[in-house]
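Spelled out from the first residue to the last, the chains are:
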Amino acid sequence: MKLVGRGTRVESAPTKVAHPGPSTTAKESLTSRRRRRNRLWEVGVSRLLLICALVSIFTTLGIVIMLVWQTVGFFREVSFLEFFTGTKWTPMFEPANFGVLPLVAGTFLTAAIAILVALPIGLGAAIYLSEYAKDRVRRTLKPTLEVLAGVPTVVYGYFALTFVTPVLQEIFPNMIVFNALSAGLVMGIMIIPMVSSLSEDAMYAVPRSLRDAAYALGSTRFEVAIRVVMPAAVSGIVAACILALSRAVGETMIVAIAAGSTPRLTLNPVESIQTMTAYIVQISLGETPHGTVEYYTIFAVGLLLFFMTLVMNLIGQWFVKRYRHRY
Amino acid sequence: MENGSAVRRNMRTRRAKGRIFSVLFLACTMVGTLVLVVLLVDVLRDGARWFDWQFITSFPSRDPEKAGLLSALFGTVWVMALTALFAFPLGVGTAVYLEEYAPDTRLRRLIQTNINNLAGVPSIVYGLLGLSLFVQFLGLGRSVLAGALTLTLMSLPVIIIAAQEAIRSVPETHRLGAFALGAARWQVVRKIVLPSALPGILTGTILAMSRAIGEAAVLIAISALVYLTFIPTGPQDRFTVLPIQIYNWVSRPQDEFQHLAAAGIILLLIVLLGMNAAAIIVRNRYQKSSEE
């Protein structure tokens, strides 16, 4: 409706001018002036929108350039070899050691625990939503599950430290307050929706004909879900796992609160460890002055974290594309 | 005969297996909700007694009885207001460009892939970007403005993706009809596409903002752990936000501060709940008015 009004206004403007009866050239120039202005406006708007879109490109460039720039400062003081192969991370003590492996180990320890929790639960939920639930049930249960991903991570951190850890201490009496296990478990709960919604999308996309064929051969619903739908949706499930792992690796506040601040090369989940993200938080707390080695370390660790998650995201997206192409 | 009963027995075990697993799968779906309930009860039990008017209107203090989170609350409001101001036009502009203007070119694919990747970048990396780019390089200092710009970059991918979905759901026939009447592209976008995509865009933006409030803890890289006893009065001032204040209290060993953290969490969850309710109201209201 509104558009018609606008359109007629554009069309009728020259005729209104024409009525008093000036020469035809004046009428033409008015129309063409208006047209030119409209065209300029169109071009201007499209340029402006392009600039908006380019902000995201500059964000990526900004991340890479800024992190690399600060990391160069770090590697002026610390050798590459020490950073990637050293097994001690004590940048603030004498003698300072800059081996990043303990932080990487801590990161993957908590992320692995999280995946061990989220994968079976998330997959089970995905199977239920895609294969068992009626449409109405599905529509109410799915958003409820998504709420888990919307809870602020600092709240999960509080929950891990003040509720899960005391419960776990009943089971493992010699457990320390800050430990990888409780942070990992809670992180696992947080990433359930990531695993379940991506896998469910993939399962939902499996054609009905495959299911019907299996039912015609006498399969039960469970057998159809496990032996037909899951294998057919495997690239989606792999994608879900990788993307959830990447999220767990980059997760910050839960591990900063509950996993401790003791960089340690260990696979023991009841010990106190430190993740890459938690280290960055720990150093950031203290307003470390610009230019010191400690200041540069957080960028070196951040750059490594950025590349690790980037690689995982790219692999994950590749798998997502694969299952989308298939059906 | 023998064979038939074997088949029947086999079928019975298969059916039983199916039943057991269907219960198990349902349980998987409910685990999350259960944990959520336990979490809420835990937080309420620890913090409800500390959550009162005095708590909201006081500054942080060494004395837990007098402590509050006024500065963090105002800091959050400041940072989020500026973030919304920057992120909304940028996000919608990008989405409009990608959906309505950019033909299927290399540039479009590059921007789209890039946005998908940015959505997966850990939030603490955005904190580091803000620290080196806004705080140091551009010399904004540890200010509200630097924090808001950082959160803008962090929440942009989410807003863009939500806005794109909303724009994509506008039927193609509406656009074609407008073009057939001689409307130019911007006229089509402004008069046809944006009005009917607006509820979706607004809902997506509000949800992205509520996510950003929760993830604002990474602003710790910018604001550090300050002990603020004033309310920021301008974009140049130092600030702290709710999640940072909560983190500060959680990381103290005394029980009283743990309870303060729980009280802070109650406030944070109320804010988020309010925003989500607002998103739902906006969606319903616009849907109704567009049906009329």
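Residues numbered from 1 in each chain as written. Chains lettered and ligands numbered in written order. Predicted model: local features only at pLDDT ≥ 70, side-chain atom pairs only at ≥ 80, totals over all residues.

So, the overall build of chain A
(1) Moving on: A tally of regular secondary structure across chain A gives 13 helices and 2 strands.
(2) Moving on: Computed over its C-alpha atoms, the radius of gyration of chain A comes to 29 Å, more than 25% above the 20 Å expected for a compact globule of 327 residues.
(3) Moving on: Overall size of chain A, expressed as C-alpha extent along the three principal axes, is 100 × 70 × 35 Å.
(4) Moving on: For chain A, the residues scored as buried account for 46% of the 327 residues in total. (Helix = DSSP H or I, 4+ residues; strand = E, 2+ residues; numbered from the N terminus. Rg over C-alpha atoms; globule rule 2.2 N^0.38 Å. Buried ≥ 20, exposed ≤ 12 C-beta atoms within 10 Å, placed from the backbone.)

Quick word on the overall build of chain B
(1) Moving on: Per the secondary structure count, chain B includes 11 helices and 0 strands.
(2) Moving on: Mapped from its N terminus to its C terminus, chain B presents α and β elements in the order α-α-α-α-α-α-α-α-α-α-α.
(3) Moving on: Over its C-alpha atoms chain B spans a radius of gyration of 25 Å, topping by over 25% the 19 Å that the globule rule assigns to 292 residues.
(4) Moving on: Considered along the principal axes of its C-alpha atoms, chain B spans approximately 85 × 65 × 40 Å.
(5) Moving on: The burial tally for chain B puts 47% of its 292 residues in the buried class.
(6) Moving on: In chain B, once contacts between residues fewer than 6 apart in sequence are set aside, the share between residues at least 24 apart is 76%. (Contact = placed C-beta atoms within 7 Å.)

Quick notes on the nonpolar core
All names here are of chain A.
(1) Moving on: If you look at the biggest cluster of nonpolar residues, it comprises 199 residues, and the most contacted ones within it are Val186, Val195 and Ala244.
(2) Moving on: With 18 residues, the top contributor of residues to this core is helix α4 (residues 101-132).
(3) Moving on: Ignoring any residue separated from it by four or fewer positions in sequence, one finds Ala244 in contact with Ile115, Ala118, Ile191, Met194 and Val195. (Core = buried A, V, L, I, M, F, W, Y, C linked by C-beta atoms within 7 Å.)

Examining the packing of helix α6 (residues 153-171) of chain A against helix α7 (residues 180-204) of chain A
Residues and elements named next belong to chain A.
(1) Moving on: Across the interface, α6 lies against α7 with an axial gap of 9 Å and an inter-helix angle of 125°. Taken as axis vectors, α6 and α7 run oblique relative to one another. Between α6 and α7 lies a crossing whose hand is right-handed. Two secondary-structure elements touch here, α6 through Tyr156, Phe159, Ala160, Val164, Thr165 and Leu168 and α7 through Leu181, Ser182, Ala183, Leu185, Val186 and Met190.
(2) Moving on: Of the residues contributing to the contact of α6 with α7, the split by class is 10 nonpolar, 2 polar and no charged. (Axes fitted to C-alpha atoms, helices over the stretch in contact; angles between N-to-C directions. Parallel < 35°, antiparallel > 145°, perpendicular 65-115°, else oblique. Left-handed = near helix turned anticlockwise from the far one by under 90°. Nonpolar A, V, L, I, M, F, W, Y, C, P; charged D, E, K, R; others polar.)

Points about the packing of α4 of chain A against helix α10 (residues 234-250) of chain A
Residue and element names in this part refer to chain A.
(1) Moving on: Remark: α4 packs on α10, axes separated minimally by 9 Å, with the N-to-C direction vectors making an angle of 140°. As judged from the angle between their axes, α4 and α10 are oblique. Like other packed secondary-structure pairs, α4 and α10 cross with a definite hand, here right-handed. Between α4 and α10, the residues in contact are Thr107, Ala111, Ala114, Ile115, Ala118, Leu119 and Leu123 and Ile237, Cys241, Ala244, Leu245, Ala248 and Val249, respectively.
(2) Moving on: Considered class by class, the residues forming the contact of α4 with α10 number 12 nonpolar, 1 polar and no charged.

Overview of the confidence of the model for chain A
(1) Moving on: Across chain A, pLDDT averages 86, with 91% of residues at or above 70.
(2) Moving on: Across residues 1-22 of chain A, confidence stays below pLDDT 50; counting only partners more than four residues off in sequence or on other chains, it has 21 contacts. (pLDDT = per-residue confidence, 0-100.)

Topic: helix α4 (residues 106-119) of chain B
All names here are of chain B.
(1) Moving on: Between its terminal C-alpha atoms α4 stretches 20 Å, which fits the 20 Å expected from 14 residues at 1.5 Å a residue.
(2) Moving on: When we look at burial in α4, the residues that qualify are Ile111, Ile115 and Leu118. One side of α4 carries all its buried residues, which in axial view fall inside an arc of 65°. Of the exposed residues in α4, the ones pointing more than 90 degrees away from its buried face are Arg106, Arg109, Leu110 and Thr113. (Expected span 1.5 Å × (residues − 1). Arc of directions from axis to C-beta.)

What to know about the environment of Leu39 of chain B
(1) Moving on: Position of Leu39 of chain B relative to the elements: it lies in helix α1 (residues 2-47).
(2) Moving on: Among the residues examined, Leu39 of chain B registers 23 C-beta atoms within 10 Å and is labelled buried.

Structural notes on the interface of chain A and chain B
(1) Moving on: Contact with chain A, which involves 75 residues of that partner, is made by 74 residues of chain B.
(2) Moving on: No other element matches helix α2 (residues 24-77) of chain A, which puts 20 residues into the side of chain A that touches chain B.
(3) Moving on: Considered class by class, the residues forming the side of chain A that touches chain B number 44 nonpolar, 26 polar and 5 charged.

Observations regarding the domain arrangement of chain A
How big an interface is tends to be expressed through the accessible area that disappears when the partners come together.
Residues and elements named next belong to chain A.
(1) Moving on: Per the domain assignment, the segments of chain A are domain 1 (2-77) and domain 2 (89-326).
(2) Moving on: Counting residues at the interface gives 8 residues for domain 1, matched by 8 residues for domain 2.
(3) Moving on: Counted by class, the side of domain 1 that touches domain 2 contains 4 nonpolar, 3 polar and 1 charged residues. (Domains from an automatic or database assignment.)

Here we look at the confidence of the model for chain B
(1) Moving on: On average, residues of chain B score 88 in pLDDT, and 97% of them are at 70 or above.
(2) Moving on: Taken over the whole predicted complex, pTM reads 0.88, whereas the ipTM for its chain interfaces reads 0.90.

Quick notes on the domain arrangement of chain B
Residue and element names in this part refer to chain B.
(1) Moving on: As assigned here, chain B comprises domain 1 (2-50) and domain 2 (53-291).
(2) Moving on: The centre of domain 1, based on its C-alpha atoms, is set 37 Å off from the matching centre of domain 2.
(3) Moving on: Residue composition of the side of domain 1 that touches domain 2, grouped by class: 4 nonpolar, 1 polar and 1 charged.

Description of the environment of Arg285 of chain B
(1) Moving on: Take Arg285 of chain B: it is sitting in helix α11 (residues 255-291).
(2) Moving on: As a C-alpha pair, Arg285 of chain B and Arg49 of chain B span 236 residues in sequence and 37 Å in three-dimensional space.

Here's the deal with helix α3 (residues 70-101) of chain B
(1) Moving on: For α3 of chain B, which comprises 32 residues, the first-to-last C-alpha distance of 45 Å matches the rise-based estimate of 46 Å (1.5 Å per residue) to within 8%.
(2) Moving on: Along its length, α3 of chain B reaches its greatest deviation from straightness, about 25°, at Ala87 of chain B, and the proline Pro89 of chain B lies no more than four positions downstream. (Bend = angle between axes of the 7 residues up to and from the residue.)

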